[in-house]
Amino acid sequence: MHRPIRRLDPPHRAALRAMLLATLLAAAGGAGAQTAVAARAGTTGFGGELAVSLTDQFGLRASLAGGSVTRNITESGVRYEGRWKFGTTMALADFHPGGGRFRLSAGFAYNDNRFEGNARGSSGTVDINGRTYNIADIGSLDGTLSYKKAVPYFGVGWGTAAKSAGSGLFFSADLGVLIGADPRISLRANCSAAFTPQQCNQLQADLRAEENDFRDNVGFESVYPVLSFGLGYRF
């Protein structure tokens, strides 16, 4: 069954992100806590991060990422040209075994990463579920790939060392997954005025079947891979 894509409106997203950052800032105000800021880039987007070292082995992090890149996706012979839009907020707890730079991380993320594109057919036609349609008849074929929004994160990384490490520049990296990402596909096309009701119903059925094929072929069905790098300064 086709599931509509639901999104929080921008004010709600901004409030959620501000609340996560406020939590870390409050923790940073605790006695003896050390902080670090970093610029980051990776599969969750481009943005910044705030980290707080609470003890020699435990810390908290919050990050915001956005931006977009041009990307093309080909599925079932159909080329979708569009943009991959990033939107990720993460709140993580880090454990540094032995107080070193290596860390184990767990937490939660708001995953608003998505792809939005338009199909480019050949010779004015496009195949949908094995049937050929004239683009002039359906207006356009638009596609959106998105994910379940609130998901847990687990990963490993290399970053700021233990609480007593002092200040200075540092490099960081993270490798992990957002669990239960559940990719969601939405394809849209219009019925021509010349279409009979049967032809219009067939188009909609073909769109739903194409969505299922697209979803099955996305890969990493239950996880969203996270690989990011950062450069920051520890206070």
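The rules behind each value
- Throughout, a residue's number is its position along its own chain's written sequence, starting from 1.
- Local features in this predicted model are restricted to residues of pLDDT 70 or higher, and side-chain atom pairs are both shown and tallied only at a pLDDT of 80 or more, whereas totals for entire chains, interfaces and linings draw on every residue.
- Values shown for side chains rest on all heavy atoms present in the structure; no hydrogens or waters enter the calculation.
- Helix and strand assignments follow DSSP, with helices taken as H or I runs no shorter than four residues and strands as E runs no shorter than two, numbered in order from the N terminus.
- Classification of residues uses two cut-offs on accessible area relative to the type maximum, computed with a 1.4 Å probe and protein chains only: under 20% is buried, over 50% is exposed, and between them is partly exposed.
- Residues count as neighbours in contact if any of their non-hydrogen atoms are within 4.5 Å of one another.
- Points on a 1 Å grid over protein atoms alone make up a cavity when a 1.4 Å probe fits among them but cannot get out, and a pocket when they form an open set with protein on both sides within 12 Å along at least five of seven lines; lining residues each have an atom within 4 Å of a point.
- Grid points are joined across faces, edges and corners, and a volume is the space filled by probe spheres set on the points.
- Residues are grouped as follows: Ala, Val, Leu, Ile, Met, Phe, Trp, Tyr, Cys and Pro are nonpolar; Asp, Glu, Lys and Arg are charged; all remaining types, including Gly, are polar.
- Any two rings among Phe, Tyr and Trp, with Trp reduced to its six-membered ring, count as a pair given centres within 6.5 Å; such a pair is stacked if its planes are under 30 degrees apart, edge-to-face if over 60, and tilted if neither.
- We call two N or O atoms a polar contact when they sit within 3.5 Å, provided that within protein one can donate a hydrogen and the other can accept it, with sequence-adjacent residues counted only if both atoms are side-chain atoms.
- A pair of strands is treated as paired once DSSP finds two or more bridges between them.
- Whenever a helix is involved, its axis is fitted only over the stretch in contact; in every case the axis is a line through C-alpha atoms, and angles between N-to-C directions fall within 0 to 180 degrees.

K.L.:
I'm lost on the overall build of the protein in this one. Help?
P.N.:
Of the regular secondary structure elements, the protein holds three helices and 15 strands. Expressed as a percentage of its 235 residues, the buried residues of the protein come to 41%. When contacts within the protein are restricted to residue pairs at least 6 apart in sequence, long-range pairs at least 24 apart make up 71% of them.

K.L.:
Could you clarify how one ought to interpret empty space enclosed by the protein in this entry?
P.N.:
In this approach, a probe sized like a water molecule rolls over the atoms, and the result shows the empty space that is left. Counted under the stated rule, the structure contains three cavities of 30 Å³ or more. Taken as a whole, the largest cavity holds about 150 Å³ of empty space. Together, 18 residues line the largest cavity, and Arg40, Thr44, Ser63, Met90 and Ser228 are the ones closest to its centre. Residue assignment for the lining of the largest cavity shows that the elements contributing at least two residues are strand E1 (34-42), strand E2 (45-53), strand E3 (58-66), strand E6 (88-95) and strand E15 (223-234). A breakdown of the residues in the lining of the largest cavity according to their chemical character gives seven nonpolar, seven polar and four charged.

K.L.:
Mind showing me how you'd approach the packing of aromatic side chains here?
P.N.:
For any two aromatic rings, the description comes down to two numbers: the centre-to-centre distance and the angle of the planes. Enumeration according to the criterion identifies seven aromatic pairs in this entry. Each ring, one from Phe58 and one from Phe95, has its centre 5.2 Å from the other, and the planes form 35°; the classification is tilted. You can see Phe58 sitting in strand E3 and its partner Phe95 sitting in strand E6, a full 37 residues away along the chain. Here Phe58 falls in the partly exposed class, since its relative accessible area comes to 45%. On the accessibility criterion, Phe95 (27% relative accessible area) is partly exposed. Residues Tyr147 and Tyr224 carry aromatic rings whose centres are separated by 5.1 Å and whose planes lie at 80° to one another, so their mutual orientation is edge-to-face. With Tyr147 in the loop between strand E11 (142-146) and strand E12 (150-158) and Tyr224 in strand E15, this pair connects stretches of sequence that are 77 residues apart. Residue Tyr147 is classed as buried on the basis of its relative accessible area, which comes to 7%.

K.L.:
Sorry, what's going on with the side chain of Glu49 here?
P.N.:
Among the structural elements, Glu49 can be located in strand E2. There is a polar contact of 3.0 Å between the side chain of Glu49 and the side chain of Arg61. Those residues in contact with Glu49 that lie beyond four places of it in its chain are Ala36, Val37, Ala38, Arg40, Arg61, Ala62 and Ser63.

K.L.:
Quick question: what am I supposed to make of the pairing of E12 here?
P.N.:
It is a general feature of regular strands that their side chains alternate between the two faces of the sheet. Of the two faces of E12, the one lined by Val151, Tyr153, Gly155 and Gly157 is fully buried and the one lined by Ala150, Pro152, Phe154, Val156 and Trp158 carries no buried residue. When strand E7 (residues 102-111) meets E12, the two strands line up antiparallel, connected through nine bridges. Paired with Arg103 across the bridge in E12 is Gly157. In the sheet, E12 pairs with strand E13 (residues 168-179) via six bridges, with the strands oriented antiparallel. When the sheet's bridge partners are listed, Val156 is paired in E13 with Leu175.

K.L.:
Help me understand unusual backbone geometry in this model?
P.N.:
Trans peptide bonds make up the majority, and among non-glycine residues the majority have a negative phi. Even without being a glycine, Asn129 presents a positive backbone phi close to 55°. Checked against the element boundaries, Asn129 lands in the loop between strand E9 (125-128) and strand E10 (131-134). For Asn129, a relative accessible area of 30% gives the class partly exposed. A positive phi angle, near 50°, is found at Asp182, a position not held by glycine. In this fold, Asp182 is placed in the loop between E13 and strand E14 (184-188).

K.L.:
Before we go on, may I ask you to explain the sheet that holds E13 in this structure?
P.N.:
Within a sheet, adjacent strands bond to each other through the backbone by hydrogen bonds, running parallel or antiparallel. Read once around its circumference, the closed barrel built from eight strands follows the order E1-E2-E3-E6-E7-E12-E13-E15, with strand pairing classed as antiparallel. Mean inter-strand twist for the sheet, computed between neighbouring axes without regard to direction, equals 25°. Pairing geometry for E3 and E6, over eight bridges, is antiparallel. Note that in E6 the partner of Leu60 across the bridge is Ala93.

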